Amino acid sequence: YAQAKCFVVDLNLPKETLAYIKQFAISRNIPLVFITVSAPKMDRLPKDLQGLTWLITNCEETASYFDMDIENDEDWEKAVHKWLQLGIENVVVTNGKNGALIGNKEEGIHHIPALEVANVRDVTGAGDAFSAGVIYAWLEGKSLLYIAKTGAVNSAKTIQTNYTVRQNLSPQQLTLDMEEL
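We now turn to the structure provided with this report. (Residues numbered from 1 in each chain as written. Predicted model: local features only at pLDDT ≥ 70, side-chain atom pairs only at ≥ 80, totals over all residues. Heavy atoms only, no water.)

### Considerations on the packing of helix α5 (residues 144-158) against helix α6 (residues 171-180)
Logical step 1: One way to put it is that α5 packs onto α6 with a least axis distance of 10 Å and a crossing angle of 100°. On the basis of their axis angle, the class for α5 and α6 is roughly perpendicular. Here Tyr146, Lys149, Thr150, Val153, Asn154 and Lys157 of α5 lie close against α6, whose contacting residues are Leu174, Asp177, Met178 and Glu180.
Logical step 2: A class-by-class count of the residues in the contact of α5 with α6 yields 4 nonpolar, 2 polar and 4 charged. (Axes fitted to C-alpha atoms, helices over the stretch in contact; angles between N-to-C directions. Helix = DSSP H or I, 4+ residues; strand = E, 2+ residues; numbered from the N terminus. Parallel < 35°, antiparallel > 145°, perpendicular 65-115°, else oblique. Contact = heavy atoms within 4.5 Å. Nonpolar A, V, L, I, M, F, W, Y, C, P; charged D, E, K, R; others polar.)

### Some remarks on the nonpolar core
Logical step 1: Within the largest apolar cluster, 28 residues are counted, with the highest numbers of intra-cluster contacts made by Leu32, Phe34, Leu45 and Trp83.
Logical step 2: Only β1 (7-10), α1 (15-27), β2 (32-35), α2 (59-66), α3 (73-85) and β4 (90-94) provide two or more residues apiece to this core.
Logical step 3: A per-element tally of this core places α3 first, with 5 residues.
Logical step 4: Ignoring sequence-local partners within four residues, the contact set of leucine 32 consists of Phe7, Val9, Ile21, Lys22, Ala25, Leu52, Thr53 and Trp54.
Logical step 5: Among the nonpolar cores identified, the runner-up in size contains 18 residues, and Ile56, Phe130, Val134 and Ala137 belong to it. (Core = buried A, V, L, I, M, F, W, Y, C linked by side-chain atoms within 4.5 Å. Buried < 20%, exposed > 50% of the residue type's maximum accessible area, 1.4 Å probe, protein only.)

### Regarding the packing of aromatic side chains
Logical step 1: For the coordinates displayed, the defined rule picks out 6 aromatic pairs.
Logical step 2: Their ring planes at 20° and their centres at 6.1 Å tell us that phenylalanine 7 and phenylalanine 24 sit as a pair that is stacked. Separated by 17 residues along the polypeptide, phenylalanine 7 in strand β1 and phenylalanine 24 in helix α1 bring together distant segments of the chain. Each of the two residues, phenylalanine 7 as well as phenylalanine 24, counts as buried.
Logical step 3: Their ring planes at 85° and their centres at 5.0 Å tell us that tyrosine 65 and phenylalanine 66 sit as a pair that is edge-to-face.
Logical step 4: In textbook terms, an aromatic cluster arises when at least three aromatic residues are bridged by ring pairs, as seen for Phe7, Tyr20 and Phe24.
Logical step 5: In this structure, lysine 142 packs its charged tip against the face of tyrosine 146, placed 5.3 Å from the ring centre. (Phe/Tyr/Trp six-rings, centres within 6.5 Å; stacked < 30°, edge-to-face > 60°. Lys NZ or Arg CZ within 6 Å of the ring centre and 35° of its normal.)

Keep in mind that these numbers describe shape and distance, not what the molecule does.
Here it is in structure tokens:
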């Protein structure tokens, strides 16, 4: 762990494990990313989210956590603000074909539209591809908007393949995909 650039965990782990990992990461100043996986697992988030570096979630999971309806763009943006008020540094809330909202307290909240994909083959890996793109671009020191666009591009390219993880994915290929955008 001493050389880890960050820890990335999802909510498939038990609540106690997530809380332990969070405390461990914070105590060693290691950035921590939580990726939610489903609305029923939102109760696994640690009670205190202060110090979490990234939360990558979607509207359904967010609505479940805050017990609120997200029916329009205003509700969606309010939800991002709620996450940020809990002390999370950076938040992404995806909303399928409506794109994603990404934000932090320094740079504000921005909407990134989903990319139109004419030839959808399999959407299975879309969320994981989005998260991977976000984390990769963040670790590369990119801007908030570039980070979100990288997630969107990786997701769009992934759903055009028959694979959950696209076979040609590499840093070089992702750079080419971003230039194509």
